[in-house]
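Chain by chain, the residues run as shown.
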Amino acid sequence: MSIQTVATTPFEGQKPGTSGLRKKVGVFQQAHYLENFVQSIFDALGGIAGKTLVVGGDGRYHNRAAVQTILQMAAANGAAKVIVGQGGILSTPAASCVIRKYGTFGGIILSASHNPGGPDGDFGIKYNTDNGGPAPEKITDAIYERSTRITEYKTLEAPLYDIDTLGGGTIGSSQVAVIDPVADYAELMQQLFDFDAIRAWFAAGHTMQFDALSAVSGPYARRVIETLLGAPAGTVVNGEPLEDFGGHHPDPNPAHATELIACMNGADAPDFGAASDGDADRNMIVGRNLVVTPSDSLAIIAANAQLVPGYARGLAGVARSMPTSCAVDRVAAKLGIACYETPTGWKFFGNLLDAGRATLCGEESYGTGSDHVREKDGVWAVLFWLNLLAATGKSVNELVNAHWAEYGRNFYSRHDYEALETEPANGLLQALRDKVATLAGTKLAGKTVQLADDFAYDDPVDGSHSGKQGIRIVFEDGSRIVYRLSGTGTEGATLRVYMERYEADPALHGLETQTALAELIAIAGDLADISGRTGRSAPTVVT
Ligand code: G1P
Ligand code: ZN
């Protein structure tokens with residue numbers, strides 16, 4: 001085995017987005033492409049000689065090949081040890097858990113999250129630091145900067161490492177540990193939740209369907225929900241991670257998890273439904289004929305956290321991304337705790353969690369989590385709900401309705417316009433940016449604008465500034481429209497439009513969401529001239 005120094009030239013566009021570098025598989029398969037990025041990570045970190053790294057991914061197509069490349073490069077760059085999930089598998093929250101538990105220098109996660117997989121699908125890679133969380137912008141910027149100037153990378157000419165057999169070994173002069181990808185995570189879950197109560201809930205005959213969408217949550221859900229909590233075999237469906245996710249679009253929302261929605265709307269629906277995404281950091285919570293809006297799920301979790309052993313001590317604070325509904329703000333106000341509003345992307349929660357300012361965090365994009373790791377966590381959210389169902393004896397619908405009755409309902413929806421041409425999409429955002437300075441105090445369709453800006457965030461912990469994080473229009477009655485472009489897509493541009501309206505009157509809480517938001521949807525379309533600028537008469541996905 002010899003260390004090779006390979007000459008290379010930079011690739012354009014290796015700039016990490018909302019959550020790492022995501023591209024089509026074919027882009028990653030180009031000679032040197034992945035190697036350039038991995039070496040840029042190592043270089044931006046000041047080298048990895050003598051350090052321990054965690055490596056794993058969601059099992060999608062190209063995962064195994066990429067793990068081998070990273071093992072060889074880590075060895076050539078002098079890593080002391082690499083901890084790899086068996087088969088190259090580690091869900092994103094499990095990778096975070098392993099980095100924290102073993103105190104490693106950091107980890108490389110291979111995933112394109114909820115984007116489709118397979119040879120024609122997407123692949124992705126991101127670096128997480130020693131707190132277990134996604135690298136902050138100053139590191140991702142440094143990685144990108146390095147990728148624009150790279151001239152060589154180091155790799156080890158070595159046979160493929162056996163990543164399927166548990167145990168220790170070496171590659172070059174680095175140690176390798178192939179670990180059970182589920183064990184550490186399952187142990188952490190048992191420290192947080194009342195497993196006895198949930199076991200009793202299942203034993204009493206309650207039923208559940210967990211749809212893993214043929215992605216990486218399958219092994220985690222099976223071990224925890226079926227093996228440890230005693231739910232009958234078959235509770236987890238599509239539980240085998242497949243390289244192409246069996247053709248599923250592994251995004252747990254009503255538009256993509258259609259099998260689960262049909263089941264939960266059926267005559268003999270189970271008591272509880274849930275789904276998770278490609279890398280198991282997202283979750284969707286479903287009751288009979290009811291999809292719980294992620295923003296509501298965060299609020300309900302926060303409001304009832306005292307029922308869950310790991311959170312019974314109380315919450316230090318909560319945080320939500322700016323486009324996420326303000327439902328959790330009302331809970332925070334009642335609890336007398338801080339509520340932080342951050343830009344989109346989990347990396348912005350890291351400092352708040354590390355500083356002990358926030359205990360729970362959430363995003364409207366089906367992401368919920370806490371200070372137990374530094375990623376959002378799909379299976380964790382499902383266990384939180386199971387714990388609430390078991391502790392209260394109530395159904396999902398009863399918990400949601402009781403919450404709305406107490407706090408009011410924040411009607412909420414996101415409209416995505418996917419695969420737009422980049423230029424008109426940028427033009428649409430720019431035109432809004434030009435408009436916002438003069439909107440406050442004016443009326444749109446009879447509603448007075450209270451605030452209009454391009455959201456910027458000053459991190460209260462390290463003072464870092466992040467600008468241009470989305471256009472928000474807030475009306476006097478508290479309703480809001482937010483526009484931003486996706487930072488995770490791989491095809492053209494995706495425009496996301498978020499709408500929210502608060503309704504205190506319980507008599508109106510049963511309204512259908514799109515109906516309740518009709519006025520705001522119309523204003524959002526007119527203000528940005530969405531159809532004129534994009535040529536689209538309707539969004540691609542409504543959640
Ligand atoms: C999307 C979501 C965002 C989430 C990210 C990673 O990013 O909107 O909340 O953190 O995926 O899961 P976007 O494509 O909007 O930049
Ligand atoms: Zn994900």
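Structure first, text after, so check above.
Predicted model, so just to flag it, every value in this text is computed and none were measured.

Draft legend 1. A look at the sheet that holds strand β20 (residues 443–444). Taken in spatial order, the 7 strands make up an open sheet running β20-β21-β24-β25-β26-β19-β27, and their pairing is antiparallel. Two strands bound the open sheet, and with one partner strand each, they are β20 and β27 (541–542). Two elements, strand β25 (residues 480–485) and strand β26 (residues 493–503), share 6 bridges in a ladder whose sense is antiparallel. The residue bridging Leu485 from the neighbouring strand is Leu495, located in β26.

Draft legend 2. Spotlight on the site of ligand 1. As a structural note, the neighbourhood of ligand 1 is formed by 15 residues, with Thr18, Ser365, Ser486, Thr488 and Arg496 the closest of them. With respect to ligand 1, the side chain of Arg282 contributes an N or O atom lying 3.0 Å from an oxygen atom. Interatomic distance of 2.6 Å between a side-chain N/O atom of Ser365 and an oxygen atom of ligand 1. Notes on ligand 1: free accessible area 380 Å², of which the protein chains cover 99%.

Draft legend 3. Fine view of the environment of Asn131. In this structure, Asn131 sits in the loop between β6 (122–128) and α5 (137–147). The class of Asn131 is buried, set by a relative accessible area of 16%. When the C-alpha positions of Asn131 and Asn351 are compared, they lie 9.6 Å apart, and in sequence the two are 220 residues distant. In contact with Asn131, not counting residues within four places along its chain, are Arg100, Asp354 and Arg374. In terms of polar contacts, Asn131 uses its side chain to reach the side chain of Thr129, at 3.0 Å. A distance of 2.7 Å separates the side chain of Asn131 from the backbone nitrogen of Gly133, its partner in a polar contact.

Draft legend 4. Just the environment of Val449, in detail. Inspection of the secondary structure assignment puts Val449 in strand β21 (residues 447–454). Overall, Val449 belongs to the buried group, its relative accessible area being 1%. Sequence-distant contacts of Val449, defined by excluding residues within four places in its chain, comprise Leu439, Ala440, Gly441, Thr442, Leu444, Ile473, Val474 and Phe475.

Draft legend 5. Inspection of the environment of Leu429 at higher detail. Tracing the chain through its elements places Leu429 in helix α15 (residues 422–436). Classification of Leu429 by relative accessible area gives buried; the value is 4%. The spacing of Leu429 and Met208 is 221 residues in sequence and 42 Å in space, taken between C-alpha atoms. With residues up to four places along the chain from it excluded, the contact list for Leu429 reads Ile471, Tyr483, Leu485 and Leu495.

Draft legend 6. Focus on the packing of aromatic side chains. Counted according to the given criterion, the structure contains 12 aromatic pairs. Ring geometry for Phe193 against Trp380: centres 6.4 Å apart, planes inclined by 55°, an arrangement best described as tilted. With Phe193 in the loop between α6 (183–192) and α7 (195–203) and Trp380 in helix α13 (residues 378–392), the pair connects residues that are 187 residues apart, well separated along the chain. As far as burial versus exposure is concerned, Phe193 and Trp380 are alike and both buried. Ring geometry for Tyr311 versus Trp380: centroids 6.2 Å apart, planes at 75°, classification edge-to-face. Of this pair, Tyr311 sits in the loop between α10 (294–303) and β15 (317–321) while Trp380 sits in helix α13, and the two are 69 residues apart along the sequence. Cluster of aromatic residues (ring-pair linked, three or more members): Phe11, Phe28, Tyr33 and Phe123. Its end group placed over the ring of Tyr407, Lys334 keeps NZ or CZ at 5.4 Å from the ring centre. Its guanidinium or amino end placed over the ring of Phe475, Lys447 lies 5.4 Å from that ring's centre, counting from NZ or CZ.

Procedures and definitions
- Residues numbered from 1 in each chain as written.
- Chains lettered and ligands numbered in written order.
- Predicted model: local features only at pLDDT ≥ 70, side-chain atom pairs only at ≥ 80, totals over all residues.
- Heavy atoms only, no water.
- Pairing = 2+ DSSP bridges.
- Helix = DSSP H or I, 4+ residues; strand = E, 2+ residues; numbered from the N terminus.
- Near = heavy atom within 4 Å.
- Polar contact = N/O pair within 3.5 Å; in protein donor to acceptor, adjacent residues only side chain to side chain.
- Areas by Shrake-Rupley, 256 points an atom, 1.4 Å probe, with all protein chains shown as cover.
- Buried < 20%, exposed > 50% of the residue type's maximum accessible area, 1.4 Å probe, protein only.
- Contact = heavy atoms within 4.5 Å.
- Phe/Tyr/Trp six-rings, centres within 6.5 Å; stacked < 30°, edge-to-face > 60°.
- Lys NZ or Arg CZ within 6 Å of the ring centre and 35° of its normal.

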